[in-house]
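# Descriptive analysis of the structure
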Amino acid sequence: CMALMSGLFVSFIAVPANAADDNPYDLLDPNSIMVGTMSDAKPYAFVTAEGTFSGFDVEFFQNIAGRLGIEKDKVTFVGQDFAALIPSVANGRFDVAVGAIGTTAKRKEVANFTDGYLAGFLSVLSADSSLTTIESLKDKRLGIVQGTLQDDYAQKHFPDAQLVRFPDNNSAVAAMNNGMIDAHFLDFEAAKQFGQNFPDLKVQQNFASFDAPAGFVVRKDNPKLLEALNEKIHEAMQDGTWKELHTKWFPGSPMPEQYLPKE
Ligand SMILES: NC(=O)CC[C@H](NC[C@@]1(O)OC[C@@H](O)[C@@H](O)[C@@H]1O)C(=O)O
């Protein structure tokens, strides 16, 4: 009876399976990865009718996390206004931010970016088919999302437009549909998506943003995570996963050479 008892006793104090609950990627919480993203930038990153996050950037990140051994149920997405995403990573609120976040020198002063994984266009969306040139934007009310590249670009290149800042795309598009602004300046794939929801809205102008490819944003003092993400991003490009997801979410859009499998 004693042997049984002592055996029983020992089993209650058994050392946990992985005693050194190691945290190879220096995550805020070793048991999950916290990811800041957008809730209204479909098809890049958005919340579905079922309340889950989806889109190219979301699924691409989930795939990359899976390659790091972090399964989907351990990846926690939180939606924030775009302007809050990079600061939230820098402040240690999230391990990563994803969602068509373009890489620029100014942003890299605040946080690190992985190698790029998406390069496309900034688009002027409007029901007004006369807004096809920069000159035509003179004295027009142009919506931009606070803190986006569109914000910077419009200030620099559309000095005569009347810029109206919004926290997110949904509020800007609602304002446009209510006639409060004349156009909204956002990312090409999201512009097309809003055009599907509101057929009067058309892409009137496109500006290439290939010099600011989207990357995953990681805090500066986490080189291990940055390095691991970069390695898996290139692995996913080389094995055709990137191409598969790009075709799924952006059918018909051009695929930059550098993201396709090298022969
Ligand atoms: N989610 C957003 O609203 C991001 C808006 C904006 N995206 C620009 C961008 O990263 O979008 C994906 C690709 O087209 C990139 O070339 C582009 O710079 C930005 O980074 O400011």
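Everything in this summary refers to the structure shown in the same document. Given the structure is predicted, the values throughout are model-derived calculations rather than measurements.

## Quick word on the sheet that holds strand 9 (residues 141-145)
Sheet architecture is open: five strands sit in the order 10-9-11-8-12, paired in mixed fashion. If you trace the sheet from one side to the other, it starts and ends with strand 10 (162-166) and strand 12 (202-208), each paired once. Across the sheet, the mean angle from the axis of one strand to that of its neighbour is 30 degrees, orientation sign disregarded. Direction of pairing for strand 9 relative to strand 11 (residues 183-187): parallel, over a ladder of three bridges. Among the inter-strand pairings, Gly 143 is bridged to a residue of strand 11, identified as His 184.

## Quick word on the side chain of Ser 88
Positionally, Ser 88 belongs in helix 3 (residues 82-90). Given the relative accessible area of 9%, Ser 88 is considered buried. The residues touching Ser 88, leaving out its near neighbours within four places in the chain, are Gln 80, Arg 93 and Phe 94.

## Focus: the packing of helix 2 (residues 56-67) against helix 8 (residues 223-238)
One can describe the packing of helix 2 onto helix 8 by two numbers: an axis separation of 9 Å at closest approach and a directional angle of 110 degrees. It follows from the interaxial angle that helix 2 and helix 8 lie roughly perpendicular. The hand of the helix 2/helix 8 crossing is right-handed. Here helix 2 contributes Phe 60, Phe 61, Asn 63, Ile 64 and Arg 67 to the contact with helix 8, which in turn contributes Leu 229, Lys 232, Ile 233, Glu 235 and Ala 236. Residues of the contact of helix 2 with helix 8, tallied by class, amount to six nonpolar, one polar and three charged.

## What to know about helix 3
Along helix 3, the positions that sit buried rather than exposed are Phe 82, Leu 85, Ile 86, Ser 88 and Val 89. Projection of helix 3 onto a plane perpendicular to its axis shows the buried side chains occupying an angular sector of 160 degrees, all on one side. Those residues of helix 3 that are buried are in contact with strand 1 (33-37), strand 6 (96-97), helix 4 (105-108), strand 7 (112-113), strand 9 and strand 13 (217-218). Phi for Gly 92, located one or two positions after helix 3, is positive at around 75 degrees.

## Topic: the packing of aromatic side chains
Taken as a whole and judged by the stated rule, the model has 21 aromatic pairs. For the pair Tyr 153 and Phe 158, a centre-to-centre distance of 5.8 Å together with 65 degrees between the ring planes defines the contact as edge-to-face. A relative accessible area of 23% places Tyr 153 in the partly exposed class. Between Trp 242 and Tyr 259 the ring centres are 5.2 Å apart and the planes differ by 55 degrees, which places this aromatic pair in the tilted class. Residue Trp 242 is located in helix 9 (residues 241-249), and its partner Tyr 259 is located in the segment after helix 9; the two are separated by 17 residues in the primary sequence. Of the two residues examined, Trp 242 and Tyr 259, each falls in the buried class. Put simply, the rings of Tyr 44, Phe 53, Phe 56, Phe 60, Phe 61, Phe 77, Tyr 117, Phe 216, Trp 242, Phe 250 and Tyr 259 pair up and form one aromatic cluster.

## A closer look at the pattern of salt bridges
In total, this model carries 13 salt bridges according to the counting rule given. Across the pair Glu 189 and Lys 192 runs a salt bridge whose closest N-O atoms are separated by 3.3 Å. One end of the pair, Glu 189, and the other, Lys 192, are both in helix 7 (residues 188-197), three residues apart, so they sit about a helical turn from each other. Classification of Glu 189 by relative accessible area gives buried; the value is 10%.

## Description of the site of the ligand
Neighbouring the ligand are 18 residues, the closest being Arg 107, Leu 149, Asp 187, Ser 209 and Ala 212. Ala 212 has a polar backbone atom sitting 2.7 Å from an oxygen atom of the ligand. Here the ligand loses 98% of its free accessible area of 480 Å² to cover by the protein chains. Grouping the constituent residues of the shell around the ligand by class yields 10 nonpolar, six polar and two charged.

Cut-off values and rules
Residues numbered from 1 in each chain as written. Predicted model: local features only at pLDDT ≥ 70, side-chain atom pairs only at ≥ 80, totals over all residues. Heavy atoms only, no water. Pairing = 2+ DSSP bridges. Helix = DSSP H or I, 4+ residues; strand = E, 2+ residues; numbered from the N terminus. Axes fitted to C-alpha atoms, helices over the stretch in contact; angles between N-to-C directions. Buried < 20%, exposed > 50% of the residue type's maximum accessible area, 1.4 Å probe, protein only. Contact = heavy atoms within 4.5 Å. Parallel < 35°, antiparallel > 145°, perpendicular 65-115°, else oblique. Left-handed = near helix turned anticlockwise from the far one by under 90°. Nonpolar A, V, L, I, M, F, W, Y, C, P; charged D, E, K, R; others polar. Arc of directions from axis to C-beta. Phe/Tyr/Trp six-rings, centres within 6.5 Å; stacked < 30°, edge-to-face > 60°. Salt bridge = Lys/Arg side-chain N within 4 Å of Asp/Glu carboxyl O. Near = heavy atom within 4 Å. Polar contact = N/O pair within 3.5 Å; in protein donor to acceptor, adjacent residues only side chain to side chain. Areas by Shrake-Rupley, 256 points an atom, 1.4 Å probe, with all protein chains shown as cover.

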